[in-house]
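# Commentary on secondary and tertiary structure
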Amino acid sequence: MPVFLLSSKFHNLQELRHSASLVTKVFIQRDYSEGTVCRFQTKFPSELDNRIERTLLEETVKTLNSYYAEAEKIGGQSYLEGCLACATAYIIFLCMETRYEKVLRKISGYIQEQNEKIYAPRGLLLTDPIERGMRVLEISLFEDRGSGGSSPSSSMSSGSSAR
Amino acid sequence: MHLGVSESMRECEYSQISTRSSTPMETPYKKRTPKKRKWEAFPGRNKFYCDGRIMMAKQTGVFYLTLVLILVTCGLFFTFDCPFLALQLTPIIPVIGGVLFLFVLGTLLRTSFSDPGVLPRATPDEAADLERQIDVANGGTGYRPPPRTKEVVINGQTVKLKYCFTCKIFRPPRASHCSLCDNCVERFDHHCPWVGNCVGRRNYRFFYMFILSLSFLTIFIFAFAITHIILLAVSHRSGFLNALKDSPASVLEVVVCFFSVWSIVGLSGFHTYLISSNQTTNEDIKGSWSSKRGKDNYNPYSHGNIFTNCCAALCGPLPPSLIDRRGFIQSDAPQLAPPTNGITMYGATQSQQSHM
């Protein structure tokens, strides 16, 4: 049987799923009030009330929204990219990474950093929206398997059955 | 084979050994099965080629017709008309023709082969969460639920978001479900059989460039094929009918171009209008933003002036594909228990994570 010995912090994050058990998932939906631009709702989900401070999650969502706004911004750089691509019959897209893809990589790094610093210690895990088709920001709630005392999630286990 | 679970989850320090837990749902571990790519399990009715790099609709017959028409007409032009015209007039003519031809071909292939902006279907957890929310909104009663719509105010206009029963998501504004491809597509314009694909957010600019350059190419070939015939008739002094017999290829080109030019130039004009008012074909056909619907009805997505609308549609940022066709399917991703079981603890099984 395969055995994982966790040595680096990165793997700790990914193995969160193996050590703890998944209780529920909370989905933060898209906010379409400004059109088709990618934005997530900053409304705080009630299921996370006793897991994380409001301000932390709001800060994360606001930063993500600003990243997406930067990716989709219509301005000088995007025009340049668009015109250059058109002039080369769009062949340039085969070799070059678009600005959007660059920003998505930044977002990926940011989410990983946030997970390591803020969310994993609280038994939460953010999933990069690109892995969910930019529809939702998925937050997985974990509970330590076997131990009920150390994490405040014991109240969550009774809460999840009431749904 | 023992499970050592770290007590505190506050510190990110795990010194534990995780083994595969045997749950009843665990699939037998296959040692050396080749990992499947996501396109192989794609739920829509699309066809994939080149190991997921190329994506087209199911019916591609008309696309091949388009390709053949363009290739044959241009082939005839370059073979029969260009040598004559290059000598008699100027060699720039075949050069311009060549550039136009390559541009048309490039944009056609880009339009046909790329992902138009397909929205991936909801994961089972998301779908369950949405269903729960809808049930709560309906008051929990089981009988005859009203049509699932959500209203959102965009720039002062109330827009209805519909729930897609196939994809199990609330469609974003301007998205629509293509019944031919069985996918929800972002900023859905229309399904074009001539390019063998849907036209949506990600390939609209390629489509527009294709029909625009094809208009120029058609007019170009039409004009110079006629020029060729006229020059033949005049220079050889053999009469118009003899000129036609001397260059039958030109006649064929003229006929093909004559019948195509109306529809293609018309389509280019129509799409130029759509781009300048930032509408999709879908919205225009339905009259979503037409003033006939109401005095206060206006297009909330328009940027206000024609120039900005054009720039946004053609030179805006190109979003990447959301469906990750060439990614590998991660087997055994941890999933939630069905809600009826109350508290259920799922041991996550080993997942082959290909971290992005």
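Residues numbered from 1 in each chain as written. Chains lettered and ligands numbered in written order. Predicted model: local features only at pLDDT ≥ 70, side-chain atom pairs only at ≥ 80, totals over all residues. Heavy atoms only, no water.

### Quick word on the overall build of chain A
Test applied: The way it works is that DSSP assigns letters per residue, a run of H or I at least four long becomes a helix, a run of E at least two long becomes a strand, and they are numbered from the N terminus. Burial classification: accessible surface area is computed with a 1.4 Å probe over protein chains only, and a residue below 20% of its type maximum counts as buried, one above 50% as exposed, and the rest as partly exposed. Note on definitions: a residue-residue contact is assigned when non-hydrogen atoms from the two residues lie within 4.5 Å. For accessible areas, the Shrake-Rupley method is used with a probe of radius 1.4 Å. Any residue's cover is judged against the shown protein chains and nothing else.
Counting its regular elements, chain A contains seven helices and four strands. The order of helices and strands in chain A, counted from the N terminus, is β-α-α-β-α-α-α-α-β-β-α. In chain A, which comprises 163 residues, the share counted as buried stands at 55%. Taking the intrachain contacts of chain A between residues at least 6 apart in sequence as the baseline, contacts between residues at least 24 apart amount to 61%. When the accessible area of chain A is evaluated, it comes to approximately 7,100 Å², of which 54% is carbon and sulfur surface.

### Examining unusual backbone geometry
Residue and element names in this part refer to chain B. Notably, lysine 168 is not glycine yet its phi reads approximately 60°, a positive angle. Mapped onto the secondary structure, lysine 168 falls in the loop between strand S6 (157–164) and strand S7 (169–170). Residue class for lysine 168 comes out partly exposed when judged on its relative accessible area of 37%. The phi dihedral of arginine 174 is positive, around 75°, even though this residue is not glycine.

### Some points on the UniProt feature "domain: Golgin subfamily A member 7/ERF4" (unreviewed entry) in chain A
Keep this limit in mind: UniProt positions are given in the numbering used here, feature names are shortened, and annotations may be inferred rather than shown by experiment.
Per the UniProt record, "domain: Golgin subfamily A member 7/ERF4" (unreviewed entry) is annotated on residues 26–138 of chain A. Annotation note: span residues 26–138 of chain A, helix share 49%, strand share 10%, distance between end C-alpha atoms 6 Å.

### What to know about helix H1 (residues 61–88) of chain B
Under the convention used in this document: Any helix carries an expected span of 1.5 Å times its number of residues minus one.
Taking 1.5 Å as the rise per residue, H1 of chain B with 28 residues should run 40 Å; its terminal C-alpha atoms sit 39 Å apart, in good agreement. Buried positions along H1 of chain B lie against strand S3 (54–57), helix H2 (92–113), helix H4 (204–235) and helix H6 (248–276) of chain B.

### With respect to the UniProt feature "transmembrane region" (unreviewed entry) in chain B
Residue and element names in this part refer to chain B. Feature annotation in UniProt assigns "transmembrane region" (unreviewed entry) to the following positions: residues 62–80, 92–109, 206–231 and 251–270. The span residues 62–80 is 100% helix and 0% strand, and its two end C-alpha atoms sit 27 Å from each other. The span residues 251–270 shows a helical share of 100% and a strand share of 0%, and its end C-alpha atoms are spaced 29 Å apart.

### Re the pattern of salt bridges
Pairing between side chains becomes possible if they bear opposite charge and their charged atoms approach one another. Rules: Salt bridge, as used here, is a side-chain nitrogen of Lys or Arg placed within 4 Å of a carboxyl oxygen of Asp or Glu.
The full count for this structure, using the stated rule, is 20 salt bridges over all chains. The shortest N-O distance in the salt bridge between aspartate 51 of chain B and arginine 326 of chain B comes to 3.3 Å. Of this pair, aspartate 51 of chain B sits in the loop between strand S2 (46–49) and S3 while arginine 326 of chain B sits in the segment after helix H8 (306–315), and the two are 275 residues apart along the sequence. For aspartate 51 of chain B, a relative accessible area of 32% puts it in the partly exposed group. What makes arginine 326 of chain B partly exposed here is its relative accessible area of 28%. For glutamate 186 of chain B, the salt bridge identified is with arginine 201 of chain B, shortest N-O distance 3.2 Å. Taken together, the residues glutamate 186 of chain B in the loop between strand S9 (183–185) and strand S10 (190–192) and arginine 201 of chain B in the loop between strand S11 (197–199) and H4 connect sequence positions 15 residues apart. Bridged by salt links that share partners, the residues Lys25, Arg132 and Glu138 of chain A together with Asp125 of chain B form one connected network.

### Re the pairing of strand S2 (residues 20–29) of chain A
Residue and element names in this part refer to chain A. Convention followed: The criterion for strand pairing is that DSSP finds at least two bridges linking the strands in question.
Summarising burial for S2: ten of the ten residues are buried, a large majority. In the sheet, S2 pairs with strand S4 (residues 136–144) via nine bridges, with the strands oriented antiparallel. Looking at S4, one finds that glutamine 29 is bridged to valine 136.

### Things to note about the packing of H1 of chain B against H2 of chain B
Residues and elements named next belong to chain B. To be explicit about the condition: Axes here mean lines fitted to C-alpha atoms, for a helix over just the part in contact, with angles spanning 0 to 180 degrees between N-to-C directions. Note on terminology: angles under 35 degrees are roughly parallel, angles over 145 are roughly antiparallel, angles of 65 to 115 are roughly perpendicular, and the others are oblique. Throughout, the ten residues Ala, Val, Leu, Ile, Met, Phe, Trp, Tyr, Cys and Pro are labelled nonpolar, Asp, Glu, Lys and Arg are labelled charged, and all others, Gly among them, are labelled polar.
Orientation of H1 relative to H2, taken along the N-to-C sense of each, is 170°, at an axis distance of 10 Å. Judged on the interaxial angle alone, H2 and H1 are roughly antiparallel. Each of Phe63, Leu67, Ile70, Leu71, Cys74, Phe77, Phe78, Cys82, Leu85 and Ala86 in H1 lies in contact with H2, whose residues at this interface are Ile93, Pro94, Gly97, Gly98, Phe101, Val104, Leu105, Leu108, Leu109, Ser112 and Phe113. Tallied by class, the residues present in the contact of H1 with H2 amount to 18 nonpolar, three polar and no charged.

### Things to note about the sheet that holds S2 of chain A
Residues and elements named next belong to chain A. Ordered by their spatial adjacency, three strands build an open sheet running S2-S4-S3, and the pairing between neighbours is antiparallel. Edge positions in the sheet fall to S2 and strand S3 (124–127), since each has one partner strand and no second. The average undirected angle you get between the axes of adjacent strands in this sheet is 25°. Relative to S4, S3 runs antiparallel, the two sharing four bridges. Its bridge partner lying in S4, leucine 124 is registered against leucine 141. Relative to S4, helix H3 (residues 54–71) is tilted by about 150°, and along the sheet it contacts S2, S3 and S4.

### Concerning the side chain of serine 112 of chain B
Residues and elements named next belong to chain B. With respect to the helices and strands, the residue serine 112 is situated in helix H2. For serine 112, a relative accessible area of 0% puts it in the buried group. Other than its neighbours up to four places away in sequence, serine 112 contacts Met55, Met56, Phe63, Val195 and Asn197.

### Some points on the packing of helix H4 (residues 76–87) of chain A against H8 of chain B
Relative orientation and spacing of two packed helices are given, respectively, by the angle between their axes and the distance between those axes. For the record, the criterion: Handedness of a crossing is defined here by the sense of rotation of the near helix relative to the far one, left-handed for an anticlockwise turn of less than a right angle and right-handed for a clockwise turn.
For the pair H4 of chain A and H8 of chain B, interaxial distance at closest approach is 9 Å and the crossing angle is 60°. Where H4 of chain A crosses over H8 of chain B, the handedness of that crossing is left-handed. Contacts from Ser78, Tyr79, Gly82 and Cys83 of chain A of H4 of chain A reach H8 of chain B at Thr308, Cys311 and Cys315 of chain B. The residue inventory of the contact of H4 of chain A with H8 of chain B, partitioned by class, reads four nonpolar, three polar and no charged.

### Examining empty space enclosed by the protein
What counts is decided by this rule: Definitions used for this entry: grid spacing 1 Å over protein atoms alone; cavity, a set of points where a 1.4 Å probe fits but cannot get out; pocket, an open set with protein on both sides within 12 Å along at least 5 of 7 lines; lining residue, one with an atom within 4 Å of a point. Grid points are joined across faces, edges and corners, and a volume is the space filled by probe spheres set on the points.
Summed over all chains, the structure comprises seven cavities of 30 Å³ or more. Volume-wise, the largest cavity comes out at about 180 Å³. Contributing to the lining of the largest cavity are 16 residues, with Gln29, Tyr32 and Arg135 of chain A together with Ile169 and Phe170 of chain B lying nearest its centre. Those elements that provide at least two residues to the lining of the largest cavity are helix H3 (124–138) and S7 of chain B. Here the lining of the largest cavity is composed, by residue class, of nine nonpolar, two polar and five charged.

### As for a nonpolar patch on the surface
Counted only if it meets this: Patch rule: a residue counts if its relative accessible area is over 30% and it has no salt bridge; like charges are joined within 9 Å, and nonpolar side chains (Val, Leu, Ile, Met, Phe, Trp, Tyr) within 5 Å.
A contiguous nonpolar patch, built from Val62, Leu65, Leu69 and Trp194 of chain B and spanning about 350 Å² of accessible area, is present on the exposed surface. Here leucine 65 of chain B is to be found in helix H1.

### Describing the packing of aromatic side chains
Residue and element names in this part refer to chain B. Spelled out, the test is: Under the pairing criterion, centres of Phe, Tyr and Trp rings, with the six-membered ring standing for Trp, must be within 6.5 Å; the plane angle then separates stacked pairs below 30 degrees from edge-to-face pairs above 60, leaving the rest tilted. Should the NZ of a Lys or the CZ of an Arg lie within 6 Å of a ring centre and within 35 degrees of the ring normal, that charge is described as sitting over the ring.
As enumerated under the stated definition, the model contains 16 aromatic pairs over all chains in all. Cluster of aromatic residues (ring-pair linked, three or more members): Phe77, Phe78, Phe101, Phe220 and Phe224. Lying over the aromatic face of phenylalanine 170, lysine 150 brings its terminal NZ or CZ to 4.7 Å of the ring centre.

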